[in-house]
Amino acid sequence: MKRIWTCAISACALAAAAPAAAQDYNSAAFFGDSLSDPGNIPITSGVNFPAPPYVGNRFSNGPVYAEFVPGILGIEAANVFNSSHGGAFTGQLDIGGGTLSGNLNPFGPIAQTDILSQVDDYLAANGGASPDALYTILAGANDYFLVLGGLATSTDPQGDILASTQNATANLATASERLIANGAQTVVIINLPDLGSTAQFAADPDASAAATALTTLHNTALAQDAARISNTTGADVVFVDILTLTNDMQATPSKYGLVNTTDQCILTPSCVNGSVETQNTFQFWDGVHPTSGVHEIAAAFYADTLTSPFTIAPQIESVRFMADARLRRMANFDAMAHADENGAIVFADAGYVDIDRDGEGATAGYELTSYDVALGAGRAFGDAGWLLGYLGYGDGESDLTSLSGSFDIETFYVGGSAGVAAPNGVVFSVHALYGVTDVEAQRTTGVVGQTASGGDDGTTFNLLAEVSTTKPLIDGDIGLSIKPILRAGFAQASLGAYAETGATGLDLFVAKRSADAFYGEIGARLDLTAGLGETGVIKPYVAAFYREAFEDFEQEISTAIVTADQVRRTLTSDALDDSGARIEGGLALDMGGLTLDLSAATHLSRDDFDGVEANLSATFAF
């Protein structure tokens, strides 16, 4: 085991440190060891280490994941803080003879570079943590290299392994809790790759087994701590399962563009003397550190883990948009105007919706395009009122715009309307719609082309109450009337739980979701009628509405990665801006028993979305 200790000192510490869009984060901070170190050792110690062929004093042949992540997320380099340091322990450890150090290297300022010290120094220098910043913690390997180096002479190897993992994960949990207690709202905790499968340990069965045991204990305890912190603090604790990623790299290397997952590039002349592209076909740069190409994949993996829950909220919003549009069209349908006195009607109706929603907070931007049809029948009771019912089908597709992916929506509707006219001409009407929907989502992860797919059924229910009256302005062959309208509505949608498949280590478990909203509308409709001789009567109209939300259509989104489902993230989506104006217009041609109606609408003055709708209907009265 002496070889392990020597290699850990030389390859993992000062003698071995190697370079290892949705929610808007205004800055990022990384706390870690050589896997996250962007080249800090010369700054701390004044020593040019690690030297070439290591690149830029990193523990790799190029940038590490922590340097790729900000660019993926759109965080400016000036707003990135990284105190990660090769050789860092999770806290102060006894490295022998009662000497305490925060690093495998016990001299000078480097001794104060453990994770707890990094976090404390950051909080002191910045007066706390920012709720809009992204904080990342990755460490533990150096604690275990210290233990592995002493197992050969230990009187209680299993006890040492257990105590080490308990101490290391407790330190990482404490670091996370300190950040949250001082204002952080998003903390990313990354688990460890299998140390026993690294190039340094894999060839020695005993060392490999011990290193794997340490990794397993560490990752299990870390996930439990992450779940506890998430549940007790309410912060967004993001658990990145690097273990599953690196295991999959070794199981299916070609998937990731790798040709060698066992050897050290730095000890292989054809690799270390080759181009960067050649070097990045190796998983390992040295005994325990990955190549920059692997770091780049890990950064994409990190970013998808962070942002994937933001793709969920648009599903219910899109279902609700489609149902809202269908209900509004039926609310605009005046059965008394279409039917003969005490007559019956049948009608067919087709609609189109195009909505462009901006991404904000925990809700990704998307564009919804949908089509729907309805067939129905009704009866008018003279001037007293009407009753009608219909069946409908809607098909929609939403393409994510601020992230990558899409989802398809199929909904079967049943709806009805009833209206009663008072003697004074005031009309009271109620419109209801119930839908059974199916959503199937595909999310492009950005990690070697993997797509995560999943979906489930759900329901939607909409109710609209309206009060209106029609006031003639001009009588004669050409008539003009105005119709003031007051509405109150309720919208509710829910979707079931599902688990994604297709993206190793990134698939999400998505819990059941529901959301509802109350709103009011006030508006007026101006109708013109003009005779066309034997052809019939033409009826153009224009209407304007203002909508005010009484309760936002807000969702609670609960997700977990399938491979670590105990760590739940519960996010509240940024509610859709449900207040704003809408302009409608249309043209109806009444040809006696048959009426054709073409209409359109556009949404105005809403902060986070634009939308247009169109409708074509045919009504036959008998």
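Residues numbered from 1 in each chain as written. Predicted model: local features only at pLDDT ≥ 70, side-chain atom pairs only at ≥ 80, totals over all residues. Heavy atoms only, no water.

(A) Layout of the overall build of the protein. The number of helices and strands found in the protein is 13 helices and 26 strands. Taken over the C-alpha trace, the protein has a radius of gyration of 32 Å; the compact-globule value for 622 residues is 25 Å, which it surpasses by more than 25%. Looking at the protein as a whole, 57% of its 622 residues are labelled buried. Looking at the protein as shown, the accessible area adds up to about 23,300 Å², and 58% of this sits on carbon and sulfur atoms. (Helix = DSSP H or I, 4+ residues; strand = E, 2+ residues; numbered from the N terminus. Rg over C-alpha atoms; globule rule 2.2 N^0.38 Å. Buried < 20%, exposed > 50% of the residue type's maximum accessible area, 1.4 Å probe, protein only. Areas by Shrake-Rupley, 256 points an atom, 1.4 Å probe, with all protein chains shown as cover.)

(B) Highlighting the packing of helix α4 (residues 115–126) against helix α6 (residues 157–181). Remark: α4 packs on α6, axes separated minimally by 9 Å, with the N-to-C direction vectors making an angle of 10 degrees. Between α4 and α6, the crossing angle belongs to the class labelled roughly parallel. Contacts between α4 and α6 involve Ile115, Leu116, Val119, Asp120 and Leu123 on the former and, on the latter, Asn171, Leu172, Thr174, Ala175, Arg178 and Leu179. Class assignment for the residues of the contact of α4 with α6 results in seven nonpolar, two polar and two charged. (Axes fitted to C-alpha atoms, helices over the stretch in contact; angles between N-to-C directions. Parallel < 35°, antiparallel > 145°, perpendicular 65-115°, else oblique. Contact = heavy atoms within 4.5 Å. Nonpolar A, V, L, I, M, F, W, Y, C, P; charged D, E, K, R; others polar.)

(C) Spotlight on the sheet that holds strand β23 (residues 569–572). Here four strands make up an open sheet; going across it, the order is β18-β19-β22-β23 and the pairing antiparallel. Edge positions in the sheet fall to β18 (498–499) and β23, since each has one partner strand and no second. Taken together, the four bridges between strand β22 (residues 556–561) and β23 define a ladder with antiparallel strand orientation. The residue bridging Thr559 from the neighbouring strand is Arg569, located in β23. (Pairing = 2+ DSSP bridges.)

(D) Looking closely at empty space enclosed by the protein. The computed volume of the largest cavity comes to approximately 310 Å³. If you trace the largest cavity, you find 23 residues lining it, with Leu35, Pro193, Ile242, Thr246 and Pro290 closest to the centre. For the lining of the largest cavity, the secondary-structure elements that each account for two or more residues are α8 (242–251), β9 (282–284) and α11 (292–307). Classifying every residue of the lining of the largest cavity gives 14 nonpolar, eight polar and one charged. (1 Å grid on protein atoms, 1.4 Å probe; cavity = no way out; pocket = protein on both sides within 12 Å on 5 of 7 lines; lining within 4 Å. Points joined across faces, edges and corners; volume = space filled by probe spheres on them.)

(E) Region of the structure containing the pairing of strand β21 (residues 537–551). Here 12 bridges tie strand β20 (residues 513–531) to β21, and the two strands are oriented antiparallel to one another. Within β21, the residue paired with Glu521 across the bridge is Arg547. As defined by bridge partners, β21 adjoins strand β24 (residues 580–590) across 11 bridges and the pair is classed as antiparallel. Residue pairing in the sheet places Pro540 in a bridge with Leu587 of β24.

(F) Quick peek at the packing of aromatic side chains. Inspection of the entire model under this criterion finds 15 aromatic pairs. When the ring of Phe30 is compared with that of Tyr65, the centres are 6.1 Å apart and the planes differ by 80 degrees; the resulting orientation is edge-to-face. Of this pair, Phe30 sits in strand β1 (residues 27–32) while Tyr65 sits in helix α3 (residues 65–73), and the two are 35 residues apart along the sequence. Judged on exposure class, the residue Phe30 and its partner Tyr65 are both buried. Ring centres 5.6 Å apart and planes at 80 degrees place the aromatic pair Phe31 and Tyr122 in the edge-to-face group. With a gap of 91 residues between them, Phe31 in strand β1 and Tyr122 in helix α4 connect regions that are remote in the sequence. An aromatic cluster is defined as three or more aromatic residues linked by ring pairs; in this entry it consists of Phe31, Phe81, Tyr122 and Tyr135. (Phe/Tyr/Trp six-rings, centres within 6.5 Å; stacked < 30°, edge-to-face > 60°.)

(G) View of the pattern of salt bridges. Summed over the entire model, instances satisfying the criterion amount to 23 salt bridges. In this structure, the salt-bridge partner of Arg228 is Glu177, at a minimum N-O distance of 2.7 Å. Of this pair, Arg228 sits in helix α7 (residues 205–233) while Glu177 sits in helix α6, placing them 51 residues apart in sequence. Accessibility expressed as a relative area gives 35% for Arg228, which makes it partly exposed. (Salt bridge = Lys/Arg side-chain N within 4 Å of Asp/Glu carboxyl O.)

(H) The sheet that holds β1, seen in detail. Taking strand neighbours across the sheet as the criterion, the five strands line up as β2-β1-β5-β6-β7 in an open arrangement whose pairing is parallel. Of all strands in the sheet, those with a lone pairing partner are β2 (80–82) and β7 (236–240), marking the two edges. Between one strand axis and the next, the sheet turns by 15 degrees as a mean value, whatever way the strands run. Pairing of strand β6 (residues 186–190) with β7, which is carried by five bridges, proceeds in the parallel orientation. Each bridged residue has a counterpart across the sheet, and for Ile190 the counterpart in β7 is Val240. In the packing of α11 onto the sheet, contacts are made with β1, β5 (133–138), β6 and β7, and the angle to β7 comes to roughly 145 degrees.

(I) α3, seen in detail. Among the residues of α3, those classed as buried are Tyr65, Ala66, Val69, Pro70 and Leu73. Seen end-on, α3 carries its buried residues on one side only, within an arc spanning 135 degrees. On its buried face, α3 is in contact with β1, β2, β5, β6 and α11. Positive phi appears at Gly74, one or two residues downstream of α3, with a value of about 80 degrees. (Arc of directions from axis to C-beta.)

Purely geometric stuff here, so don't read any function into it on its own.
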